[in-house]
Amino acid sequence: MQFTWDDIEQHVAVCTGCPLSRTRRRPVMGRGSRKADIMLIAEAPGGQEDRQGTPFVGDSGKILDDLLRDCGLCREEIYITNILKCHPPGNRDPKEEEKEACFPYLKYETFLLKPKIIVCLGRVAAQRIISPDFKITRQHGSWISRKNCALTATYHPSAVLRDISKYELVKKDFLEIARKRNELGGGGVP
Ligand code: URA
């Protein structure tokens, strides 16, 4: 059975796959270019995203936009999504069962997008996507290769919000991501 983007969107919109469906306001499907070379995967929608139904529209989104702009990238040419499509109350860490219930959506998004580069934003995404023992402090900015895709991780933009001195560190990781995209022959495809 071949899923389409519309199929995923429709399923996410009415999903009752875990208890978060009872507390969320709006599920948050990934957004951006469906021809993008770069896929950013974060943890879960925050409160602002829950209200608007769009990823990274709150304060972390502003930091993310600054980082992208400083590295010659922009939202319209990448695809941004989350491990969980629904907001965990109080921004708590996603539970194992929530991650497992939601994972098929991410798999379908990745299958349809076929990104050249996947960037995990923060520990939760890196540990689910790259390796369960991934340490952001030590391993951010490193690359692995899997099924024709280069994977890396950096700090979540909310970590930069909490400690602005991390901005330059994360910017360096994003500059390396932009360089990698050029190396792989990618470009902006809005
Ligand atoms: N934090 C996330 O992990 N995802 C969002 O979409 C917004 C904030």
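Note: the structure precedes this text.
Cut-off values and rules
- Residues numbered from 1 in each chain as written.
- Predicted model: local features only at pLDDT ≥ 70, side-chain atom pairs only at ≥ 80, totals over all residues.
- Heavy atoms only, no water.
- Helix = DSSP H or I, 4+ residues; strand = E, 2+ residues; numbered from the N terminus.
- Rg over C-alpha atoms; globule rule 2.2 N^0.38 Å.
- Contact = heavy atoms within 4.5 Å.
- Near = heavy atom within 4 Å.
- Polar contact = N/O pair within 3.5 Å; in protein donor to acceptor, adjacent residues only side chain to side chain.
- Areas by Shrake-Rupley, 256 points an atom, 1.4 Å probe, with all protein chains shown as cover.
- Buried < 20%, exposed > 50% of the residue type's maximum accessible area, 1.4 Å probe, protein only.
- Pairing = 2+ DSSP bridges.
- Axes fitted to C-alpha atoms, helices over the stretch in contact; angles between N-to-C directions.
- Parallel < 35°, antiparallel > 145°, perpendicular 65-115°, else oblique.
- Left-handed = near helix turned anticlockwise from the far one by under 90°.
- Nonpolar A, V, L, I, M, F, W, Y, C, P; charged D, E, K, R; others polar.
- Core = buried A, V, L, I, M, F, W, Y, C linked by side-chain atoms within 4.5 Å.

(A) How the structure looks around the overall build of the protein chain. Along the backbone of the protein chain there are 9 helices and 6 strands. Taken over the C-alpha trace, the protein chain has a radius of gyration of 15 Å; the compact-globule value for 190 residues is 16 Å, and the two agree within 12%. Each principal axis of the C-alpha atoms in the protein chain carries an extent, and together these give about 40 × 40 × 30 Å. Pairs at least 24 apart in sequence give 73% of the contacts found in the protein chain among residues at least 6 apart.

(B) How the structure looks around the site of the ligand. Surveying the vicinity of the ligand reveals the residues Ala42, Glu43, Ala44, Pro45, Gly46, Glu49, Pro55, Phe56, Asn82 and His156. Within the contact set of the ligand, an oxygen atom lies 3.2 Å away from a backbone nitrogen or oxygen of Glu43. Taking Ala44, its main chain carries an N or O atom lying 3.0 Å from a nitrogen atom of the ligand. Relative to its unbound accessible surface of 240 Å², the ligand loses 94% to contact with the protein.

(C) Summary view of the side chain of Ser60. As for its position among the elements, Ser60 is in helix α4 (residues 59–70). Its relative accessible area of 15% is what places Ser60 among the buried residues. Filtering out sequence-adjacent residues up to four positions away, Ser60 remains in contact with His156, Pro157, Ser158 and Leu161.

(D) Structural view of the sheet that holds strand β3 (residues 79–82). Pairing is mixed in the open sheet, where 6 strands are placed in the order β1-β3-β2-β4-β6-β5. With one partner strand each, in any of the chains shown, β1 (31–32) and β5 (144–146) form the two edges of the open sheet.

(E) Geometry of the packing of α4 against helix α9 (residues 167–183). Close contact between α4 and α9 brings their axes to 9 Å; oriented N to C, the two are set at 50°. Compared by their axis directions, α4 and α9 come out oblique. For the element pair α4 and α9, the recorded crossing hand is right-handed. Seen from α4, the contacting residues are Ile63, Leu64, Asp66, Leu67, Leu68 and Asp70; seen from α9, they are Tyr167, Val170, Lys171, Phe174 and Leu175. Grouping the amino acids of the contact of α4 with α9 by side-chain chemistry returns 8 nonpolar, no polar and 3 charged.

(F) Looking closely at the side chain of Asp50. Structurally, Asp50 is set in helix α3 (residues 47–52). One polar contact links the side chain of Asp50 to the main-chain amide nitrogen of Arg25, over a distance of 2.8 Å. Residues in contact with Asp50, not counting those within four places in the same chain, are Arg24, Arg25, Arg26, Val28, Pro45 and His87.

(G) Inspection of the nonpolar core at higher detail. Formed by 55 residues in total, the largest nonpolar core has its most connected members in Leu40 and Phe174. Among residues more than four places away in sequence, those in contact with Leu40 are Leu64, Ile78, Tyr79, Ile80, Thr81, Val119, Leu121 and Phe174.

Honestly, that's just the spatial picture; any functional story needs more than this.
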